Amino acid sequence: MRTLEQLVRPNIKSLKPYSSARDEYSGVEAIFLDANENPFNDPYNRYPDPYQRKLKAKIAELKNISSNSLFLGNGSDEPIDLSFRAFCEPGVDNIVSIDPTYGMYQVAADINNIAVKKVKLTSEFELDVDALLKATDSNTKLLFICSPNNPTGNSFKKKDIERILNEFNGITILDEAYIDFVPEKSFLPELSKYPNLIILQTFSKAWGMAGIRLGMAFASPEIVSVFNHIKYPYNINILTQQKAFDLLQNPEAKDEWVNILNNEKEILKENLSQFSFVEKIYPSDANYLLIKTEKPLAIYDFLVEQGIIIRNRSTVSLCEGCLRITIGSESENASLLDALKKYNS
């Protein structure tokens, strides 16, 4: 297994990061005359804590993990991009990704000029571990797995992910954006076993905070240190930090939302199965359903006319004829079903 020292790009290892005024002093009570800030309009006149210490401590408490193993980013997209910049040499290295999956991995790779080797899931949307490992080579630095996967909705078998972690000679990025809907399937309790693992989670789904753009990356303190080395100095603004901290005081609210959405998912699934145009509803561990139909575009366009927006995934690998439907509130789901009844009439 390659060490972190061997995986990090040479220029990143030698990089001297920008040192902000708040890097030099991390106390609270002080007269700040160091960062050319405006002394008025407290607290928004001050630069935010560049390492989000107060917020990280709260998250670490809830997740039962050391705050040294936590990186906070501007959405999960930031640690995804930082992974490319930290480990992948543009025009030289490559990554391996499952197919279909979250499209941002490809976008981040293209921005960073990194080749992507895509390995299709099986017909049952499971990992083809042999094919994934075979696709890697000496220049493969990252391997992306999204579980529960987007858009298929299923979680992958623990033994398959463990095999990849044990046999892949690079960094495995396990995207658990939807894990709050099946928390028992998270790899977070086993993070310390795998120095080559980065786990991504988010506040955008179960926590209902997509608008504040806050993502979490859990990894070894050494990997977190690399991310802190290359991130922008004040990547999480004060409003985001405060709003997240406030909501984290009441994690029971998130749990209640998850229970409601999981229940609504089962109700929606039962009702959708009654429509003749629905050929299949795939199992889902996320807050959405993937359904197969003969006329996905016609259904999508009809729903748009009714003011209801879903996602047409029929052009995605292995998802021919498929639509992805996010689980909404009880009234939103009822409106969807009413519109589909009109379409079916």
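Heads up: these notes are all about the structure in this document. (Residues numbered from 1 in each chain as written. Predicted model: local features only at pLDDT ≥ 70, side-chain atom pairs only at ≥ 80, totals over all residues. Heavy atoms only, no water.)

A few points about the sheet that holds strand S8 (residues 278-281)
Right, so step 1: Strand order across the open sheet formed by four strands is S8-S9-S11-S10, with antiparallel pairing between neighbours. The open sheet is flanked by S8 and strand S10 (311-312), the only strands paired with a single partner.
Right, so step 2: Strand direction decides the pairing type here: strand S9 (residues 288-293) and strand S11 (residues 322-326), joined by five bridges, are antiparallel. Among the inter-strand pairings, Tyr288 is bridged to a residue of S11, identified as Thr326.
Right, so step 3: In the packing of helix H11 (residues 251-272) onto the sheet, contacts are made with S8, S9 and S11, and the angle to S9 comes to roughly 10°. (Pairing = 2+ DSSP bridges. Helix = DSSP H or I, 4+ residues; strand = E, 2+ residues; numbered from the N terminus. Contact = heavy atoms within 4.5 Å. Axes fitted to C-alpha atoms, helices over the stretch in contact; angles between N-to-C directions.)

Observations regarding the pairing of strand S7 (residues 215-218)
Right, so step 1: Of the two faces of S7, the one lined by Gly215 and Ala217 and the one lined by Met216 and Phe218 are each fully buried.
Right, so step 2: Alignment of strand S1 (residues 70-73) against S7, held across four bridges, turns out to be antiparallel. The residue bridging Gly73 from the neighbouring strand is Gly215, located in S7.
Right, so step 3: Relative to S7, strand S6 (residues 197-202) runs antiparallel, the two sharing four bridges. Its bridge partner being in S7, Ile199 is matched across the sheet by Phe218. (Buried < 20%, exposed > 50% of the residue type's maximum accessible area, 1.4 Å probe, protein only.)

Overview of the nonpolar core
Right, so step 1: Counting residues in hydrophobic clusters, the biggest one holds 46 residues, and the most contacted among them are Ile59, Leu127 and Phe218.
Right, so step 2: It is helix H7 (residues 129-135) that provides the largest number of residues to this core, a total of four residues.
Right, so step 3: Leu127 has contacts with Ile98, Leu121, Thr122, Leu132, Ile145, Phe156, Asp160, Ile161 and Ile164, leaving out every residue within four places of it along the chain.
Right, so step 4: Judged by nonpolar contacts, the second largest core, of 29 residues, contains Cys146, Ile171, Ile198 and Leu200. (Core = buried A, V, L, I, M, F, W, Y, C linked by side-chain atoms within 4.5 Å.)

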